[in-house]
Amino acid sequence: MSPAFDLIVIGAGPGGEAAAVTAARLGKRVAVVEKAPFVGGAAVNTGTLPSKTLRETALALSGLRTRDLHGVDLSLRRGATIDDVLRHERAVKSAHRDHIRGLLGRYGVTVVHGTARFSGPHAVRVTGSGAQELHAEKVVVATGSVPVRPPGFPFEHDRVHDSDELVELHRMPRSIAVIGAGVIGSEYACMFAALGIETYLIDGRNALLPFLDADLSTALEASMRRLGVRFVWGECVNSCDAPPTGDVRLGLSSGRVLTADHVLICAGRASRVADLNPEAAGLAAARKGRLVVNEHFQTEVPHIYAVGDVIGFPALASTSAEQGRAAAGHAFGAPTRGPVARVLPTGIYTIPEVSAVGETEDALRAAGVEYLVGRAGYTEVARGKIIGDEAGFLKLLFRRSDHKLLGAHVIGEVASEVVHIGVMALMVGAGADLLLDTCFNHPTLGELYKLATHDALLRGRGTS
Ligand SMILES: Cc1cc2nc3c(=O)[nH]c(=O)nc-3n(C[C@H](O)[C@H](O)[C@H](O)COP(=O)(O)OP(=O)(O)OC[C@H]3O[C@@H](n4cnc5c(N)ncnc54)[C@H](O)[C@@H]3O)c2cc1C
Ligand SMILES: NC(=O)c1ccc[n+]([C@@H]2O[C@H](COP(=O)([O-])OP(=O)(O)OC[C@H]3O[C@@H](n4cnc5c(N)ncnc54)[C@H](O)[C@@H]3O)[C@@H](O)[C@H]2O)c1
């Protein structure tokens, strides 16, 4: 008799983990099927944690920030080897896998390693070492995404990489051309530049991360240039000639040729539905390459849910986990107060870090909303002076009529933490009064919120 569960979760990334834990907390029998030998998905194994850990190591090795990191010998700073760079990343990854496996185990979740394929609407066949057929009342698909591999790039070459392969570098590049100035390309370009590697960042577009508030995008580009990133804007890479030895040659749309030791292609990510055999479950729409869901994360087959990167935007570890929690809550009649948080922040781990929540100035202008802008530079508060971040700033946007907060945008050290005050204020629909009436620790970057609020109100009175 094949095992029966209340819930099968396909994929053990942040979306699958959150769905499994939520259902288990509701007393349900849960199985998670994971094709990789490890739990954690892209977030732990190839994406979020590796890239953020490598960034931290690069900051330490370059002396841009001095911190004691696991296994990183700071006396190496110059001439670091690839092992120096990857050691801390491997330690963090391994510890976090253990943490997730431990959490699933404590909740009694069964983890089966193998590739899951639907064999019916309530049945999943697992191939691989743990081959078996599982049955469940409900299914959550959390199979994530894979890097897009544009045609014409020889990915089999050991110096032409996608972002998944970066954690397997076998030597430090002398120079690197990063193709695609999206979030992944920008983050990795900063890391390589911080390590002192000649770094080119190439994109067919002409603006850095255009979804950011324009002030932050401009400030980030200036900081990245100071770090040593060489931007190549308005150029598409049309050809990639990678000889066995010697530099890789990139043919650009203008006719220019750019050469580099290594090439990293960051041209977006695509939903992973290929292995799933979705037709067997009645998921016809998945044939187009993406699972479509309603506001409860139900697919066209209502007992089958899909969460995380496999359903597309915003495709973040943070939002995937929220979706997993909401889907499992809905599946077992314990809906949380809202499907997912109404307010979703963005944290981008470039050097410097950038983080934002709510509306940008451009969006408010386009919507015809009258607003006030308030700014505070990191060096205007004592903590900013202490850490010496001279370029960092917070920008707040308030509705002019009632001073309700509409957006918070931060660039600088720990921006992705600083933004959380803005996130909470937006969640409760607060405005200038709350930020002025709150007692912040001193000295902290939180105090930026008071200063930026004063700045907005003074500008509103025409006294700035
Ligand atoms: C370089 C990089 C940096 C990133 N940085 C950030 C960041 O700073 N902050 C942030 O919030 N997000 C970041 N992300 C995005 C984040 O990693 C993803 O949004 C997140 O991992 C998606 O979670 P998920 O659960 O949907 O899928 P995944 O984490 O991709 O997990 C899916 C899992 O499903 C498994 N699987 C797939 N198909 C099957 C099958 N048929 N059977 C069994 N198992 C299967 C896979 O092996 C995988 O383990 C980054 C991504 C990358 C690539
Ligand atoms: N901190 C974070 O939140 C974080 C970090 C990393 C990744 N992510 C997730 O990963 C996703 C994918 O990121 P991404 O950066 O790979 O994709 P992206 O789609 O954001 O950016 C790809 C870029 O590549 C450019 N491009 C594509 N082909 C090109 C070519 N031949 N020549 C020149 N330019 C080319 C495009 O113009 C685009 O700007 C993000 O949207 C996000 O969901 C999030």
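See above for the structure.
Heads up: these notes are all about the structure in this document. Since the structure is predicted, the reported quantities are computational estimates derived from the model, not experimental observations.

Let us look at the site of ligand 1. The local shell around ligand 1 holds 37 residues, among which E34, T48, K52, A116 and D309 are the closest. Residue K35 places a main-chain N or O atom 3.0 Å away from a nitrogen atom belonging to ligand 1. Within the backbone of A42, one N or O atom sits 2.9 Å away from an oxygen atom of ligand 1. The set of elements that each furnish at least two residues to the shell around ligand 1 consists of α1 (14-25), β2 (30-34), α2 (41-45), α3 (48-62), β4 (115-120), α5 (183-194) and α7 (317-331).

Attention shifts here to helix α6 (residues 214-227). Turn by turn, an α-helix covers 3.6 residues, leaving residues three or four places apart pointing in a common direction. Compared with an ideal rise of 1.5 Å per residue, which puts 14 residues at 20 Å, α6 spans 20 Å between its outermost C-alpha atoms and is within 8% of the ideal. Those residues of α6 that fall on the buried side of the exposure criterion are L216, S217, A219, L220, E221, S223, M224 and L227. Summarising the contacts, the buried residues of α6 are in contact with α5, β10 (198-203), β11 (229-233), β19 (354-358), β21 (393-399) and β22 (405-411). One or two residues past the end of α6 sits G228, with phi positive at roughly 115°.

Time to look at the pattern of salt bridges. Taken as a whole, this structure holds 28 salt bridges when the rule is applied. One salt bridge connects R230 with E198, and the closest N-O pair in it is separated by 4.0 Å. Residue R230 is located in strand β11, and its partner E198 is located in strand β10; the two are separated by 32 residues in the primary sequence. D455 serves as the salt-bridge partner of R459, at 2.9 Å between the closest nitrogen and oxygen. Of this pair, R459 and D455 both sit in helix α12 (residues 448-460), separated by four residues, roughly a single helical turn. You can call R459 partly exposed: its relative accessible area is 38%.

Let's shift gears to the sheet that holds β22. Spatially, five strands are ordered β18-β19-β22-β21-β20 in an open sheet, and the strand pairing comes out antiparallel. Each edge of the sheet is formed by a strand with only one pairing partner; in this case those strands are β18 (346-348) and β20 (371-377). Direction aside, neighbouring strands of the sheet carry axes that sit 10° apart on average. Relative to β19, β18 runs antiparallel, the two sharing three bridges. If you follow I348 over to β19, its bridge partner there is V354. Against the sheet, helix α10 (residues 415-427) contacts β18, β19 and β22, and its axis sits at roughly 175° relative to β22.

So, how was this worked out
Residues numbered from 1 in each chain as written. Chains lettered and ligands numbered in written order. Predicted model: local features only at pLDDT ≥ 70, side-chain atom pairs only at ≥ 80, totals over all residues. Heavy atoms only, no water. Near = heavy atom within 4 Å. Polar contact = N/O pair within 3.5 Å; in protein donor to acceptor, adjacent residues only side chain to side chain. Helix = DSSP H or I, 4+ residues; strand = E, 2+ residues; numbered from the N terminus. Expected span 1.5 Å × (residues − 1). Buried < 20%, exposed > 50% of the residue type's maximum accessible area, 1.4 Å probe, protein only. Contact = heavy atoms within 4.5 Å. Salt bridge = Lys/Arg side-chain N within 4 Å of Asp/Glu carboxyl O. Pairing = 2+ DSSP bridges. Axes fitted to C-alpha atoms, helices over the stretch in contact; angles between N-to-C directions.

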